[in-house]
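# Residue-level structural notes
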Amino acid sequence: MKDYINWAILAPGTIANSMAAAMNGAKKKLPQGKHVRTYAVASRNLERAQQFAAQYHFEKAYGSYEELLNDPEVDAVYIANPHAFHHDSVIQVLNAGKHVLCEKPAGCSIGQLEDMISMAQQKKLFFMEAMWTAFNPTVLEICKTIQEGKIGQLKHIDSRFCNRIPYDPKNRLYAPELAGGALLDLGIYNIYFSMMLTDFSPISSFSSNVRLLKGVDVWNSVNLTFENGVTSAFQSAADMPAGSDTHDAIIFGTDGFITVKNFFMTQYAELHIYKGESGNANRKAATIAVPFKTNGYEYELAHATECILQGKTESPVHTWQKSRNLCKIMDSLRESWNMKYPWES
Ligand SMILES: NC(=O)c1ccc[n+]([C@@H]2O[C@H](COP(=O)([O-])OP(=O)(O)OC[C@H]3O[C@@H](n4cnc5c(N)ncnc54)[C@H](OP(=O)(O)O)[C@@H]3O)[C@@H](O)[C@H]2O)c1
């Protein structure tokens, strides 16, 4: 039986570099001798594909996505173009008979996501949104720490994912035609992180503030309440002045709290326990830190590769239902802001 997957990358841009590095790292590191083959890369520009293939040791370089889809040797495709193109790319790749790992957000709306899931079901192929935080070993340790009751009862999650990016109408974060905005690019992580910590308790209500610029949210502040009573408050932004904690989170419980550096890609958190019945005095009780083996993308890649080799169509970890719940809350927030992408009006 085949013990490797011929991976291909569609759209070798910024994040594709990180995944390509992880693919190279995973060539030797997957369990049971199963492995990743860095097989092909396709760009709309042949020279870009060739340079990327040479840098990351891919065997084939294509100057169009169609050529990649027509290559019968390609088993699975990592889709890394801007989110506005995910729907059509996922449908085309599945239709060509190849498995899919698609960058987040897989769908810009629940309708798009449902199309992808239906196509994966119909074709009996693997499809997963590349939500790498779901597989981050430090985040998983944090979840375990909470489940073990080390901070008492979980009460509240506070997080920020705010970047300072100069305004440029061509930058995908500022471009409505590319499904721009802070929520779908950055806030998606704040939501998913909160969902993980609350063990995927459904969201019962939300409120928010937003600052829109030319049709996209450049700053948002969101409050979520989960059915289990836990609350989450977050900000995500494209044009925020950078600060020392603009990528961090604090998780509050009745007996203590956890501080998390770079929560969406964390390798470092601290557990603090309150001293006594009242007051804010606390002691650092533990460090929660699991360093990446490569760069953090290796875990979702290993999981997707294992799922494909085992004949699964859906990840048992980042399930389609979790993608749906994530997408639905982003749809609801955008609706409350009256923010529609050009193809939605
Ligand atoms: N998981 C993470 O940590 C992470 C981090 C960053 C981004 N992302 C996600 O990854 C996706 C890509 O983000 P990125 O920052 O890597 O994007 P990017 O560098 O702007 O673009 C990636 C590639 O998409 C194609 N592309 C770019 N602009 C296009 C346009 N206007 N029309 C058609 N194709 C275009 C190009 O591929 P060609 O070479 O084929 O022209 C480009 O190289 C987004 O959905 C984002 O949310 C994830």
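Computed from a predicted structure; not experimentally measured. (Residues numbered from 1 in each chain as written. Predicted model: local features only at pLDDT ≥ 70, side-chain atom pairs only at ≥ 80, totals over all residues. Heavy atoms only, no water.)

Along its sequence, the chain is carved into domain 1 (4-133 + 297-314) and domain 2 (137-294 + 327-344). Distance between the C-alpha centres of domain 1 and domain 2: 27 Å. With 22 residues of domain 1 at the interface, the matching set in domain 2 holds 26 residues. In terms of surface lost to domain 2, no three residues of domain 1 exceed Trp-132, Thr-133 and Tyr-299, which account for 28% of the buried area on that side. Along the contact surface separating domain 1 from domain 2 lie one salt bridge. Among the ionic pairs, Lys-104 bridges to Asp-185, the shortest N-O distance being 3.8 Å. (Domains from an automatic or database assignment. Contact = heavy atoms within 4.5 Å. Buried area = accessible area lost by both parts, 1.4 Å probe. Salt bridge = Lys/Arg side-chain N within 4 Å of Asp/Glu carboxyl O.)

What follows covers the sheet that holds strand E11 (residues 249-253). Taken in spatial order, the eight strands of this open sheet run E8-E9-E10-E7-E11-E12-E13-E14, and their pairing is mixed. Edge positions in the sheet fall to strand E8 (203-213) and strand E14 (282-288), since each of these pairs with one other strand and no more. Across this sheet, the average inter-strand angle for adjacent strands is 15°, counted without regard to direction. One ladder, built from seven bridges, connects strand E7 (residues 154-162) with strand E10 (residues 231-237); its direction is parallel. (Pairing = 2+ DSSP bridges. Helix = DSSP H or I, 4+ residues; strand = E, 2+ residues; numbered from the N terminus. Axes fitted to C-alpha atoms, helices over the stretch in contact; angles between N-to-C directions.)

Moving on to the environment of Lys-98. Within the secondary structure, Lys-98 sits in the loop between helix H4 (86-95) and strand E5 (99-103). Under the relative-accessibility criterion, Lys-98 is labelled buried at 4%. Not counting the four nearest positions on each side in its chain, Lys-98 is found in contact with Leu-68, Leu-69, Asp-71, Pro-72, Val-74, Asp-75, Val-77, Val-93 and Leu-125. (Buried < 20%, exposed > 50% of the residue type's maximum accessible area, 1.4 Å probe, protein only.)

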